[in-house]
Amino acid sequence: MRIEVNWDRCAGNGLCEFETDKYFEVQDNGTLDVLQWEVDGDDEQNVHRAVAACPTEALSITE
Ligand code: SF4
């Protein structure tokens, strides 16, 4: 499983980081950093929650 970001849609509000800060970190300037693109098996549920939490639908997952 791999994280995909539509950068045009990301508003930098950090809701994904709230769900899992292992994968997402918003910088002070509002830029999102993806800390790890490939999702570890144990983390799939957390990353799905982060995708669902994004209000602008900027996140998606590919298998
Ligand atoms: S929740 Fe969505 S809009 Fe907010 S920082 Fe994460 S990817 Fe960007």
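About the thresholds
- Numbering of residues starts from 1 in every chain and runs along the sequence as written.
- Reporting of local features is limited, given that this is a predicted model, to residues whose pLDDT is at least 70; pairs of side-chain atoms are given and counted only at 80 or more, and all residues count toward the totals for whole chains, interfaces and linings.
- Side-chain metrics in this entry use all non-hydrogen atoms of the structure; hydrogen atoms and water are not considered.
- UniProt positions are given in the numbering used here, feature names are shortened, and annotations may be inferred rather than shown by experiment.
- Numbering goes from the N terminus for both helices and strands, where a helix is a DSSP run of H or I of at least four residues and a strand is a run of E of at least two.
- Here a residue-residue contact requires only that any non-hydrogen atoms of the pair lie within 4.5 Å.
- The working definition used for a salt bridge is a side-chain nitrogen of Lys or Arg within 4 Å of a carboxyl oxygen of Asp or Glu.
- To sort residues, take the accessible area from a 1.4 Å probe on protein chains only and compare it with the maximum for the residue type: under 20% means buried, over 50% means exposed, and anything in between is partly exposed.

As recorded in an unreviewed UniProt entry, the protein chain goes by the name Ferredoxin, listed as coming from Saccharopolyspora cebuensis. You can read under Cofactor (unreviewed entry) in the UniProt record for the protein chain the words "[3Fe-4S] cluster".

**Q** Explain the side chain of Asp43 to me, please; I cannot follow it from the model alone.
**A** Here Asp43 shows up in the loop between strand S3 (32-34) and helix H2 (44-53). Ignoring anything within four residues of it in the chain, the contact list for Asp43 reads Lys22 and Tyr23.

**Q** Can you help me understand the pattern of salt bridges in this one?
**A** Pairs can form between side chains of opposite charge once their charged atoms are near each other. Going through the model one piece at a time under the given rule, you end up with 4 salt bridges. Two residues, Arg2 and Glu38, come together in a salt bridge whose shortest N-O distance is 3.2 Å. Of this pair, Arg2 sits in strand S1 (residues 2-5) while Glu38 sits in the loop between S3 and H2; the two residues are 36 residues apart in sequence, bridging distant segments of the chain. With a relative accessible area of 34%, Arg2 lands in the partly exposed category. Residue Arg49 is joined to Glu19 by a salt bridge in which the shortest nitrogen-to-oxygen separation is 3.6 Å.

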